[in-house]
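Results of the structural survey
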Amino acid sequence: MGSRRDCTWILGLSGFGVVRVEGDGEEADSRLRIWLQRRGRKGSRCGGCGRPSRRVRSVRDRTWEDLPWASHPVTLVYGQRRLICWRCGIRTERIEFADPKGRVTRRLRQQIGVDCQSMPVSHAAVRHRVSWSKARRAELAFLADWDSRRGRRRPRHIGLDEIQRGKGQQFWTVLSDVVRGEVMGLRRDRTEETAKSLLATDLDAHQRAAIQAVCTDMHRPYLNAVTEVLPKAEVVFDKFHVLQHASAALDEVRRQEFFRAGAVMREHGRGKRWLLLRRWKTVRGSKRRELEELFAANHRLFKAYVLREQLDRLWTYKTRPGVLDFLLGWIKALRWQRLPEMDRLGDFLFRHVEGIAAYCDHPVRFGVVESVNTTIKAVLRRARGMQNENILLLKLKWATARPIRSSRDLARFLGLQPMYSNR
Ligand SMILES: [Zn+2]
């Protein structure tokens, strides 16, 4: 082994010096054990209050896993003291390079944490030669640390939405900042209680006061929760949810016209569902001709399609009376068409017109709402079976806030500065 000074320099943990280095074997990838001691005049500090103390009650060797030296994984060994602090009583000594209960050093935790955001935990564990549970805990600590350093935002528009958990009738309720497109809170279920507790506990009074509009679907429990917890905020219905109802009505018309109208018609309408549910402007070339043939075969379907296409214009008006006028005109155009599903849709929209027209005063960015939902679904798919709500929420926050967008961001996250701060 080189001199102790060289080893101390290579290790680079300020305040600590290397006493001795031992290898577990002769192989190139055998584990190194590095014994440390404190250097300098600063001495040990209490883990509770951070004050220096010279009264040592006992000493026990503890180990931490650290960054590798070439291909050797590294374990640090240090005799951690139990100090008698005149303020806190008996406390363990503060260790600058690791979290109080951490089994890996902060700089290793940092690397595992960043890696876990772009690969499965099991892969990151193999890559950094730690156990799966250590990698998982390191990721949690890393994300929690990142989240605690961020300021609390006060968005004027928030979103309250349900996300399906796997198959079946299980849901999450997600609270998001739809101005910046970031997740803010997560709860199991989609009941009124769930929504209330999200709004009341995940947001502080300061944040609640800033909210002008809540973007949500027409789920009754959510509406009740918003009226109760945020009486001043207005509800804006999510455009995509409204249009989903319109598409469902159109699909019902398709079923009526083709599938319940005998074998010949049924054959004609087969395999056209997704084509029909697409928007006209996204259909091109031969598909467009196919759609035109379908409409030529059935005029009522054509009418229903056009009516759905027109609904888009609900969100182009600048005033509430404008929206109402348009909707009334749309409902009027339905008369004599004998399209009961569309009639029902008309009633439905009329009942909810206030929440649709609220968009005039609170132009929520529906595109952002949509992209947050897409990101959430992608994370949930990757995190299949993840039961821990806490880490799932942190992962969603990370994925939607996207704190690493450039190589400079990555360098900042892997940088050494934040590691020695004990806050
Ligand atoms: Zn203390």
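Only a predicted model underlies this, so the values are computations on that prediction, with no experimental measurement involved.

Some details on the overall build of the chain
When helices and strands are counted, the chain shows 19 helices and ten strands. Taken over the C-alpha trace, the chain has a radius of gyration of 30 Å; the compact-globule value for 423 residues is 22 Å, which it surpasses by more than 25%. Projected onto the principal axes, the alpha-carbon positions of the chain cover approximately 95 × 50 × 35 Å. Considering the chain as a whole, with its 423 residues, one finds that 30% of them fall into the buried category. Looking at the chain alone, contacts between residues at least 24 apart form 57% of all its contacts between residues at least 6 apart.

Digging into unusual backbone geometry
Of note in this structure, A70 is not a glycine but carries a positive phi near 50°. The topology assignment puts A70 in the loop between β3 (56-69) and β4 (72-85). A70 gets classed as exposed once you count the C-beta atoms within 10 Å, which come to 7. One non-glycine residue, R402, lies in the positive phi region at around 45°. Residue position: R402 is located in the loop between α17 (389-401) and α18 (407-414). For R402, a count of 12 C-beta atoms within 10 Å translates into the label exposed.

Digging into helix α12 (residues 299-311)
Under the 1.5 Å per step criterion, the end-to-end length of α12 is 19 Å for 13 residues, consistent within 8% with the ideal 18 Å. Of all the positions in α12, only L301, A304, Y305, L307, R308 and L311 are classed as buried. Viewed end-on, α12 has its buried residues packed into an arc of 160°, placing them on one side of the element. Facing away from the buried side of α12, by more than 90 degrees, are the exposed residues H299 and V306.

Notes on the sheet that holds strand β9 (residues 213-216)
Spatially, β8-β7-β6-β9-β10 is the arrangement adopted by the five strands of the open sheet, whose pairing is mixed. Only two strands of the sheet have a single neighbouring strand rather than two, namely β8 (182-188) and β10 (234-237). Across the sheet, the mean angle separating the axes of adjacent strands is 25° when strand polarity is ignored. Pairing geometry for strand β7 (residues 171-177) and β8, over six bridges, is antiparallel. If you follow D177 over to β8, its bridge partner there is E182. Contacting β6 (157-164), β7 and β8, helix α5 (residues 192-201) runs over the sheet at an angle of about 140° to β8.

Quick look at the nonpolar core
Across soluble globular proteins, nonpolar side chains show a tendency to be buried alongside one another. V214, V226, V236 and A304 are the most contacted members of the largest nonpolar core, which totals 81 residues. Those residues in contact with A304 that lie beyond four places of it in its chain are L250, V253, L339 and M342.

Focus on the confidence of the model for the chain
Caution applies to low-pLDDT parts of the model: their predicted coordinates are not meant to be read in detail. Averaged over all residues, the pLDDT of the chain equals 87, while 96% of them reach at least 70. Contacts for the low-pLDDT stretch residues 418-423, under 50 throughout, to residues beyond four places or in other chains number nine contacts.

Some thoughts on helix α7 (residues 220-229)
Y222, L223, A225 and V226 are the residues of α7 that are buried. Taken end-on, α7 shows its buried residues confined to a sector of 160°, consistent with a single buried face. Structural note: α7 exposes R220 and T227 on the side pointing more than 90 degrees away from its buried face. Where α7 is buried, its residues touch β6, α5, β9 and β10.

Quick word on the pairing of strand β2 (residues 32-38)
When strand β1 (residues 16-23) meets β2, the two strands line up antiparallel, connected through seven bridges. Along β2, the bridge assignment pairs V21 with I34. In this structure, β2 lies alongside β4, joined through five bridges in parallel fashion. Note on β4: the bridge partner recorded for I34 is L76.

Examining the packing of helix α16 (residues 366-382) against α17
In the contact formed by α16 and α17, the axes pass within 10 Å of each other and the chain directions differ by 135°. Compared by their axis directions, α16 and α17 come out oblique. Taken as a pair, α16 and α17 cross one another with a handedness that is right-handed. Residues V372, T375, I376 and V379 of α16 pack against K395, L396, A399 and T400 of α17. The residue makeup of the contact of α16 with α17, split by class, is five nonpolar, two polar and one charged.

A look at the environment of G181
Locating G181 in the fold gives a position in the loop between β7 and β8. A residue is classified by how many C-beta atoms lie within 10 Å of it, and G181, with 20 of them, is buried. Separated by 189 residues in the primary sequence, G181 and E370 place their C-alpha atoms 9.2 Å from one another. When near neighbours in sequence (up to four residues on either side) are disregarded, G181 contacts V368, S371, V372 and T400.

Points about the pairing of β6
Note that β6 and β9 share four bridges and pair parallel. For L160, the partnering residue across the bridge sits in β9 and is T216. Relative to β7, β6 is paired through seven bridges, and the arrangement is antiparallel. Looking across to β7, one finds that G159 is bridged to S176. The loop that links β6 with its antiparallel partner β7 comprises six residues; one of these, G166, has a positive phi angle of about 60°.

Reading the values: the criteria
Residues numbered from 1 in each chain as written. Predicted model: local features only at pLDDT ≥ 70, side-chain atom pairs only at ≥ 80, totals over all residues. Helix = DSSP H or I, 4+ residues; strand = E, 2+ residues; numbered from the N terminus. Rg over C-alpha atoms; globule rule 2.2 N^0.38 Å. Buried ≥ 20, exposed ≤ 12 C-beta atoms within 10 Å, placed from the backbone. Contact = placed C-beta atoms within 7 Å. Expected span 1.5 Å × (residues − 1). Arc of directions from axis to C-beta. Pairing = 2+ DSSP bridges. Axes fitted to C-alpha atoms, helices over the stretch in contact; angles between N-to-C directions. Core = buried A, V, L, I, M, F, W, Y, C linked by C-beta atoms within 7 Å. pLDDT = per-residue confidence, 0-100. Parallel < 35°, antiparallel > 145°, perpendicular 65-115°, else oblique. Left-handed = near helix turned anticlockwise from the far one by under 90°. Nonpolar A, V, L, I, M, F, W, Y, C, P; charged D, E, K, R; others polar.

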